[in-house]
Each structure stands twice: as C-alpha cells, then as structure tokens.
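# Breakdown of the fold
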Amino acid sequence: MAGARGAFGSRFGFILAAAGSAVGLGNIWGFPTKVGQGGGALFVLIYLICVVMICAPIMIAELAVGRRSGKDPVGAFTAIKPGSSWWLAGALGVMAGVGILSFYSVIAGWTIGYIYFAASGALTGDSAATSAFFGEFVGNAPLSIGLTFVVLAITAGTLMGGVKQGIERMTKTLMPMLLVLMVLLVVRAVTLPGAGAGLSYYLNPDFSKLSFRMFNTALGQAFFSLSLGMGAMITYGSYLAKSENMTRAAMWVVLVDTLVALMAGFIIFPAGFTLAGFDPTSTGPGLIFVVLPQLFATIPGGQLVGVAFFVMLTMAAITSTISLLEVPTAHLIDSHGWNRRKAVLVLAGLTFLLAVPSALSQGASPFWSNLPGVGMDFLSLMAIVWNDFALPIGGFLLAIFVGHVWRVDQALDELNQGGTMPAAGVWSFLIQWVCPAAIGLIIFFTFKDLLS
Ligand code: PFF
C-alpha cells in the first residue's frame, strides 16, 4: 500500500512536488547554457519537439508504472514483470540518481555562494569583473567542496522528514514565489535597450546548424529538465493516490517546466546580448552567474532582486536534489528493507565522495579540470554521461517496457483510474512507436558520430 510508505497529501501537493523536481538548475542554468552552446533558436525548436513528442508520453508512462507497482524503480519493473531482467533498467536509474546529484550539488552550491555575494555587493555590473569573479570563486577548492556539502546536508535533512512533511511542504511555498520573480525578470530583460539582438538569437532558427549531436543534446536536456529517464517520476508516482488523474497532473508538470525554461531564455539572452563582447557559445557553465549580476545592476533595488533570485534558484535546486536522492533512497527502503534514515545518510555520503572531483574540476585541480585523454573537465564529463546518454537510454527502455512488455492496455487501465485519460490513442501510439524509434535513432547516430 502506497499509504504505508508515505504519500502525497493532495493533488496540488503532488503537482508542486513533481514540478519542484522538474524545475531546477536544468531550466534556469542548463537550458540557456545548452541553447547558447547549441546555436540558439534551432535548439529551442528541437527541444520543444522532444518535449511534446517524446518526453510528455514518457512522463505519463513513468507515473503509471510507479502508481501501479507502488515501488521504487527497481522494485517497480520487478513487480510488473517478475523474474525478468527488466530490473536492470531501474538499477540504471538508481545509479543515475547518485551520478547526477554528484555534479548537481556542486552547481547548487554555487547558487548558495551567490546569495551571499549578491547580498554583500561583491557582484558588480562590470562584464570583465563578474566573469573573473566567477572563475576565481569556482576555482576555490575548500569553498566549493564546503558548499556542496551544505547542499547535500539540506537535501538529506529534508528527505529524512519523509514524503509529506519533507518534500511536499517545502515545494508548496517555494514554487509560486519563483514563478512570480521570474516573470518580473523577463519583463525587465526584454525591455532593456538593445534587447532585440538577444531575442532574435533566441527566436530565429538557423537551419544550417542542424546535426544529430544537437538532437542528442536537446533530448538529454529535455529528459534532464523533466526529471525523466531515471525513475524519479516512477518513485513520485508510487506515492500518488489512485483517485488522482495522472495524465492531467503530468501535463501540468510538463507545462510549468517548459515555461520556466523558456522564461530563463527570455531573461538570459536579451540581457546577455546587451553586454559588450557577449558570446553565448563560449560562456559555458558560468553563463547565468556572469550575465545575471549584470542584469541586476540595471534594476532599481537590484541588489535585493539579486538576493531574491539566488535564494529562489537555490530552493528550486533543492526541490530537485531531494528527488534525485529520493530515487536511490526509495530503492534501499523498498527493495533492501533499510530504514529511511540510514539509507539517506549512506547515499548522501557516497554522493559527496563522488562530488569532490566535480567540485575540484572548475579550476581548483589541473587534473580534474582537464582530464587527460578526455579533453574536458570532470563535471562536464559527468553531465554528458548521465544527461545525454543515461537518461535517454533509461527513457528508451521505459518506452519499450510500457509499450511492448507491460503493454498499453494494462497501462491504460492504470491511467484511467481517477478519470478517463484524454487522447489515450495518441499516447499509445507515441509510447509504443514514436518514443522508442526516435530515441533509438538519436542514440545510434550520436554514437556513430562520436566513433567516427
Ligand atoms: N529536473 C531537474 C532540473 O531540471 O534541474 C534535475 C533532475 C531532477 C533530473 C531529478 C533528474 C531527476 F530525476
């Protein structure tokens, strides 16, 4: 029974918690960074296609698997197909939870640092100074490692409170505040003198830049942003009451997440392009940390806005880190009988150890900052392995599982509880054929590109 393991208190609470998992650094830090590196509007277009055609059906499928089984991802595959090897797909998700959290917590640590810097007035409107400041900050080993530790400690603390008290209560207050602040920042950014150049970069696609790698990055980003492909939504679905209409809940989460990502672009690019020497392709992980302080400098009371923004961003990140850690935690509780406290502490400790090389990889250690033979830093490598490959592969396996092993009529039986599912035929077609074929092709051609 889901109730015995903990459950969400209300539909609104569930939507907020799932949206809290989805909305995070992936939207506000990751999306604009990928748009910048991936060539602007064309990337945005491909991203949106991935969200609608591939990710939305997978979100629904993950929730259905979770609620039907009432289990963690490994337990869920086993419960639905006992005696098969499908549990391995769940195990990939459990590992992805730790893998993603290990670098995610480092970046979330940066956002905590920036709350302090925004408050102390250390961030100025000067372009060269803000970017030098960022480089120096992320290259400071004790600070970076210390802040990562703080993020993991807050995450672990929240998770020990369980589903309703911990996860749901925290998200309910934070998400609406974040949305309001973002709308205000969009209005300020698009009305800056010179904002037009950024808007055109963001909205006019250049089709000559099309490549499979771009599809792969967009797909990985869409999975990451929507918390898909690693069983986070299976886990959250397992805490959802049978009376809820899951399709509608899933649509809300997809909508909110996509809007926040798009809004982040409407803030960063108009603001970025008003700065001298701004090059979106070469800015990398520092993009928002360098551009936003300069935007705040143009706003009356900008120091306060800056503090509020980084507080919100940290909160958005924490509602995502708790879902990342909840997946392996639920696994140890459900499948291995651990108690919640022990599971959380052991996993947070393990994640911290894995996070240290990422924290050192932004300048503090020459070795981790430029891995020999790899040509990139450890944090970027982790992001590529988990986001661009592990999540799409996880999504691919889930689509095959739901579409052809569990089968859509069984899934629909679950989805129709709590209200008849709208557009069930469209969903069945997408999950059975479009999702596996599209993800399979993208992964295949990306590997081919990498190897040639
Ligand atoms: N969706 C989160 C973000 O966009 O920041 C990151 C994330 C959370 C990915 C949970 C995967 C996950 F299971």
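Note that the structure is predicted; figures quoted are calculated from it, not measured.

## A word on the overall build of the protein
Within the protein one finds 19 helices and 0 strands. A compact globule built from 452 residues would reach a C-alpha radius of gyration of about 22 Å, and the protein, at 21 Å, matches this within 12%. Expressed along its principal axes, the backbone C-alpha trace of the protein runs to roughly 60 × 50 × 45 Å. Of the contacts made within the protein by residues no fewer than 6 positions apart, 83% connect residues no fewer than 24 positions apart. Side-chain charges in the protein split into 20 positive and 17 negative, and the spacing between the mean points of these groups amounts to 9 Å.

## As for the site of the ligand
In the vicinity of the ligand, 15 residues are found, and the nearest of them are Ala22, Gly26, Tyr104, Phe224 and Ser227. Ser21 places a main-chain nitrogen or oxygen 3.1 Å from a nitrogen atom of the ligand. At a separation of 2.8 Å, a nitrogen atom of the ligand approaches a polar backbone atom of Phe224. In isolation the ligand has 340 Å² of accessible area, and contact with the protein removes 100% of it. Of all the secondary-structure elements, those providing two or more residues to the shell around the ligand are α2 (11-22), α3 (25-38), α11 (212-225) and α15 (302-336).

## Notes on the nonpolar core
Ranked by internal contacts, the top residues of the largest apolar core, which has 155 residues, are Val402 and Trp427. Not counting residues within four places of it along the chain, the set of residues in contact with Val402 comprises Ala61, Val65, Arg407, Val408, Ala411, Trp427 and Ile431.

## Here's the deal with helix α16 (residues 340-359)
One turn of the α-helix equals 3.6 residues, which is why residues spaced by three or four share an orientation. An ideal rise of 1.5 Å per residue puts 28 Å on 20 residues; α16 measures up with 27 Å between its terminal C-alpha atoms. The sharpest bend along α16 comes to roughly 25°, located at Leu353, with the proline Pro357 sitting one to four residues further on. Where α16 is concerned, the buried positions are Arg340, Ala343, Val344, Leu347, Ala348, Thr351, Ala355, Pro357, Ser358 and Ala359. You can read the cap of α16 off the contacts: a side-chain oxygen lies 3.1 Å from the backbone nitrogen of Arg341, and it is on Asn339.

The rules behind these values
Residues numbered from 1 in each chain as written. Predicted model: local features only at pLDDT ≥ 70, side-chain atom pairs only at ≥ 80, totals over all residues. Heavy atoms only, no water. Helix = DSSP H or I, 4+ residues; strand = E, 2+ residues; numbered from the N terminus. Rg over C-alpha atoms; globule rule 2.2 N^0.38 Å. Contact = heavy atoms within 4.5 Å. Lys, Arg positive; Asp, Glu negative; His and termini not counted. Charge placed at Lys NZ, Arg CZ, Asp CG, Glu CD. Near = heavy atom within 4 Å. Polar contact = N/O pair within 3.5 Å; in protein donor to acceptor, adjacent residues only side chain to side chain. Areas by Shrake-Rupley, 256 points an atom, 1.4 Å probe, with all protein chains shown as cover. Core = buried A, V, L, I, M, F, W, Y, C linked by side-chain atoms within 4.5 Å. Buried < 20%, exposed > 50% of the residue type's maximum accessible area, 1.4 Å probe, protein only. Expected span 1.5 Å × (residues − 1). Bend = angle between axes of the 7 residues up to and from the residue.

All quantities given are derived from atomic positions and should not be read as evidence of function.
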